[in-house]
Amino acid sequence: MNFDRRAFLTRCGAFSAVTLTGSPVLAETRLGSGTLTTVSDGSLVLPGSFVFEPMPQDKLAPVLGEFGVAPDRLEPECNLALYRDEELTVLFDVGSGPDFMPTAGAVLESLDAAGLSPDDITHVVFTHAHPDHIWGLLDEFDDPLFLNATYLMGRAEWDYWWNPETVDTIGDARAAFAVGAKRRMEMIEDSVEFFNDGQEILPGIAAIGTHGHTPGHMSFEIRNGSQSALILGDAIGNHHVAFRKPEWISGSDQDGARAADTRKTLFDRIIADQMQIVGFHLPQGGIGRVDRATEGYVFVPDAG
Ligand SMILES: [Zn+2]
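So, here is what we can say about the structure in this document. No experiment lies behind these values; they were computed from the predicted model shown.

Let's shift gears to the pairing of strand 1 (residues 25–31). Strand direction decides the pairing type here: strand 1 and strand 2 (residues 34–43), joined by six bridges, are antiparallel. Looking at strand 2, one finds that threonine 29 is bridged to leucine 36. Counting the residues between successive antiparallel strands, the hairpin from strand 1 to strand 2 contains two residues, one of them, glycine 32, with a positive phi of roughly 60 degrees.

Below, the structure is given as structure tokens:
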């Protein structure tokens, strides 16, 4: 039944209320015999304080000025990574769905533009369970999408959001995150598969524990032939302060100190291995490379 309703809505062009300002298919790169694409879920609108509050304000202002970023309002892109090879069609995170923000939740429209329907996705892999990454599991009728997919989530991340105490310990600002994550996880409880740090979760795709943004946040290294790319999720969450001052505590991370350590370790690895990266909230589609800068690092988008 829900398939028919969705097909009807798709034909009517009414399945997404989000009007994308840019292209739904954002960036694409070859990876051996595979293809890595980012598709847009729209963008978020956040108060600057959500990220910047814990930072040294006198040093912050010139960094933001240099990047042309307003201190009071952020509008980060949401880029879902889609990896396709001979066997797999893997979607990393599913976006916000219809219930989080009016500017986000465009995954169906963007998959359609890439020539895909939700039923074509063979695997959904989660970096973490924040709303802009997991709420898109359910459509506007509260029916699950991605009916043919196997769901995969890191064990520690699942356990954290599944714990009934989390809604009381996470703090008022994120209590709705906990309720929303649990409700969606209950929909996939019987079919989800778990993995741990370092595990090869699918052929050529390995999980890398990048905890801090959330307690069980995971990134993923995809290898195909001699090429590799790192799906960062929110482990490096923006192209300005996270690159210039990776050691600064960010308000968007649940454990700020641990997330800062994770960023430093990740940058060392990305530079040493000259890896391509895909960042969920990085600009211009989020696929690119990292260079050292006079201070910190700089994001060099492929699309630039
Ligand atoms: Zn996010």
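What follows continues from the structure just given.
Let's shift gears to the pattern of salt bridges. With the rule as written, the count across this model stands at eleven salt bridges. As a salt-bridge pair, aspartate 261 and lysine 264 come within 3.6 Å of each other at their nearest N and O atoms. Taken together, the positions of aspartate 261 and lysine 264, both in helix 10 (residues 256–273) and three residues apart, correspond to about one turn of that helix. Given a relative accessible area of 46%, aspartate 261 falls into the partly exposed group.

We now examine the pairing of strand 11 (residues 205–209). Bridge count for strand 10 (residues 200–202) against strand 11 is two bridges, and the pairing is antiparallel. Of the residues in strand 11, the one forming a bridge with leucine 202 is isoleucine 205. Here strand 10 folds back onto strand 11, and the loop between the two strands holds two residues, one of which, glycine 204, carries a positive phi near 85 degrees. Looking at chain direction, strand 11 and strand 12 (residues 218–224) are connected through five bridges and run antiparallel. Directly across from alanine 207, in strand 12, lies its bridge partner phenylalanine 220.

For helix 8 (residues 175–188), spanning 14 residues, the distance from its first C-alpha to its last is 21 Å, which sits close to the expected 20 Å at 1.5 Å a residue. For helix 8, the complete set of buried residues consists of Ala175, Phe177, Ala178, Gly180, Ala181, Arg184, Met185 and Ile188. Tucked into the core, helix 8 has its buried residues touching helix 5 (131–134), strand 8 (150–154), helix 6 (155–162) and helix 7 (166–169).

Our next topic: the environment of valine 69. Relative to the helices and strands, valine 69 is located in the loop between helix 3 (57–67) and strand 4 (73–74). We classify valine 69 as buried; its relative accessible area is 15%. Between the alpha carbons of valine 69 and glycine 48 there is a distance of 9.4 Å; along the sequence they are 21 residues apart. Contact partners of valine 69, with chain neighbours within four places excluded, come to Phe52, Leu64, Leu74 and His240.

We now examine the nonpolar core. Within the largest apolar cluster, 47 residues are counted, with the highest numbers of intra-cluster contacts made by Phe52, Phe126, Phe146 and Trp161. Elements supplying a minimum of two residues to this core: helix 2 (49–52), helix 3, strand 5 (77–84), helix 4 (107–113), strand 8, helix 6 and helix 8. Top element by residues in this core is helix 8. It accounts for five residues. Not counting the four nearest positions on each side in its chain, phenylalanine 126 is found in contact with Asp93, Val94, His133, Ile134, Leu137, Tyr151, Leu152, Met153, Ile188, Phe195 and Phe220. Grouped together as the second largest cluster of nonpolar side chains are 22 residues, Ile205, Ala207, Ala229 and Val278 included.

For the rest of this paragraph, the subject is the coordination of the zinc ion. Protein coordination at the zinc ion: the donors are Asp132 (OD), His133 (NE2), Asp234 (OD) and His281 (NE2), at 2.1 to 2.2 Å from the metal. For the zinc ion, the four donor atoms in the first shell make angles of 83 to 169 degrees at the metal, a pattern classed as irregular. Look at where the donors of the zinc ion fall in the sequence and you get D-H-x100-D-x46-H. With histidine 133 in helix 5 and histidine 281 in the loop between strand 14 (276–279) and strand 15 (287–292), this residue pair connects regions lying 148 residues apart in the sequence.

Moving on, we come to the side chain of glutamate 157. Among the secondary structure elements, glutamate 157 is positioned in helix 6. One buried charged residue, glutamate 157, remains without a salt bridge, the closest side chain of opposite sign being arginine 258 at 8.9 Å. Engagement of the side chain of glutamate 157 in a polar contact is seen with the side chain of threonine 214, the distance being 2.9 Å. If sequence neighbours within four positions are ignored, glutamate 157 has contacts with His128, Ala129, Thr214, Pro215, Gly216 and His217.

Time to look at the sheet that holds strand 15. Strand order in the open sheet formed by seven strands is 10-11-12-13-14-15-16, and the pairing between neighbours is mixed. On the outer flanks of this sheet lie strand 10 and strand 16 (297–301), each paired with one strand and no other. Within this sheet the neighbouring strands show an average axis-to-axis angle of 35 degrees, counted without direction. For strand 14 and strand 15, the ladder comprises two bridges, and the chain directions are antiparallel. By the bridge assignment, valine 278 is partnered in strand 15 with isoleucine 287. Of the strands in this sheet, strand 11, strand 12, strand 13 (227–233), strand 14, strand 15 and strand 16 touch helix 10, which is tilted by about 95 degrees from strand 15.

Parameters at a glance
- Residues numbered from 1 in each chain as written.
- Predicted model: local features only at pLDDT ≥ 70, side-chain atom pairs only at ≥ 80, totals over all residues.
- Heavy atoms only, no water.
- Pairing = 2+ DSSP bridges.
- Helix = DSSP H or I, 4+ residues; strand = E, 2+ residues; numbered from the N terminus.
- Salt bridge = Lys/Arg side-chain N within 4 Å of Asp/Glu carboxyl O.
- Buried < 20%, exposed > 50% of the residue type's maximum accessible area, 1.4 Å probe, protein only.
- Expected span 1.5 Å × (residues − 1).
- Contact = heavy atoms within 4.5 Å.
- Core = buried A, V, L, I, M, F, W, Y, C linked by side-chain atoms within 4.5 Å.
- Donors = N, O, S within 2.8 Å, 3.2 Å for Na, K, Ca; no water.
- Tetrahedral: all angles 85-135°; square planar, octahedral: opposite > 155°, others 65-115°.
- Lys, Arg positive; Asp, Glu negative; His and termini not counted.
- Polar contact = N/O pair within 3.5 Å; in protein donor to acceptor, adjacent residues only side chain to side chain.
- Axes fitted to C-alpha atoms, helices over the stretch in contact; angles between N-to-C directions.

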